[in-house]
Amino acid sequence: MTGLGAVFRPQLPPERLRAVVQLADASGLEELWLWEDCFREGGISAAAAALAWSEQVRVGVGLLPVPLRNVAITAMEVATLDRLFPGRAILGVGHGVQDWMGQVGARVESPVTLLREHLDALRALLRGERLTTDGRYVKLDDVALDWPPAGPVEILAGATGPRTLRLSGAAADGTILTASTPPDGVRRARQLIDEGRESAGRTEPHKVVVYLLTATGPDAGARLRAELADEGVESVPDLGVAGDAAAVAKAVQRLAEAGADTVILQPTGDEPDPEGFVRFAAEEVRTLVP
């Protein structure tokens, strides 16, 4: 079965999160995803609150920008969430938007090197290993978590370019693709991810999560077109979907057939009814997606 979820976009103020989370939980939504966009809401703090306010929905953070975080802190926070809410937190890491990283003095010369070092160290610490490493960016001296996760924790990586997609296949447990990825882009991403997996000798499943820009309601088409234009991708075919549950389900299925394991419906930034959007995803679209 194709996984399905929705995004709580950080254009909404943090105080709106509780109502959306509780509705997601009550409606049976599988996954609610949060973003750590500069300079809006913190990913870990929002995820912790969302998990505490709910009982069943899985909460994803897609993604935590690694230039902002010491890997030991990332590991401590991920382990804490997993021990408090076993199996319900989904964590993704990535380069972050480079202009934003520059604004806070965290931009690095080689984002790919940093992400590789961060992923390797993070996954080792979460396995309960004691780690000493002296990389270009990640440096740890005899570090181990006192409270590692009780079981395996998957770490996903956000990726767009070929080098990062191959890296994700080699060093992460899954990949997050942006809403600027059409079905053909998902197929190509899968190929690159598999190249990375093969180079690293990895044979376990690799989850691919894809955001799908989605608008529904009487002005859906106009809102979708406006956001695609604002992102500069209005000329890319097969991006986003506007319409009723049947139209959205077909778009989800096209991404699934291209290689997506989970599709996360991403409302437009001006979505007028965030709670209604979550209900639409859980109660109308879910029943139409095999």
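Residues numbered from 1 in each chain as written. Predicted model: local features only at pLDDT ≥ 70, side-chain atom pairs only at ≥ 80, totals over all residues. Heavy atoms only, no water.

1. Quick look at the overall build of the protein chain
Within the protein chain, the regular secondary structure consists of ten helices and eleven strands. Here the C-alpha atoms of the protein chain give a radius of gyration of 18 Å, agreeing with the 19 Å that 2.2 N^0.38 yields for 290 residues. With respect to the principal axes defined by its C-alpha atoms, the protein chain has extents near 60 × 40 × 40 Å. Here the protein chain, with 290 residues, has 56% of them falling under the buried criterion. Sequence separation of at least 24 residues holds for 75% of the intrachain contacts in the protein chain that already meet a minimum separation of 6. Approximately 12900 Å² of the protein chain is accessible, and the part contributed by carbon and sulfur atoms is 50%. (Helix = DSSP H or I, 4+ residues; strand = E, 2+ residues; numbered from the N terminus. Rg over C-alpha atoms; globule rule 2.2 N^0.38 Å. Buried < 20%, exposed > 50% of the residue type's maximum accessible area, 1.4 Å probe, protein only. Contact = heavy atoms within 4.5 Å. Areas by Shrake-Rupley, 256 points an atom, 1.4 Å probe, with all protein chains shown as cover.)

2. Concerning the pattern of salt bridges
Within this structure, the stated rule accounts for 22 salt bridges. One salt bridge connects E109 with R136, and the closest N-O pair in it is separated by 3.1 Å. Taken together, the residues span a long stretch of sequence, with E109 in the loop between α4 (98-103) and α5 (111-126) and R136 in the loop between β5 (131-134) and β6 (139-143) at a distance of 27 residues. Residue classification places E109 among the exposed positions, given a relative accessible area of 71%. The class of R136 is partly exposed, set by a relative accessible area of 44%. With a shortest N-O distance of 3.1 Å, R223 and D219 are connected by a salt bridge. By relative accessible area, which is 6% here, R223 ends up buried. Take D219: its relative accessible area is 36%, and that puts it in the partly exposed class. (Salt bridge = Lys/Arg side-chain N within 4 Å of Asp/Glu carboxyl O.)

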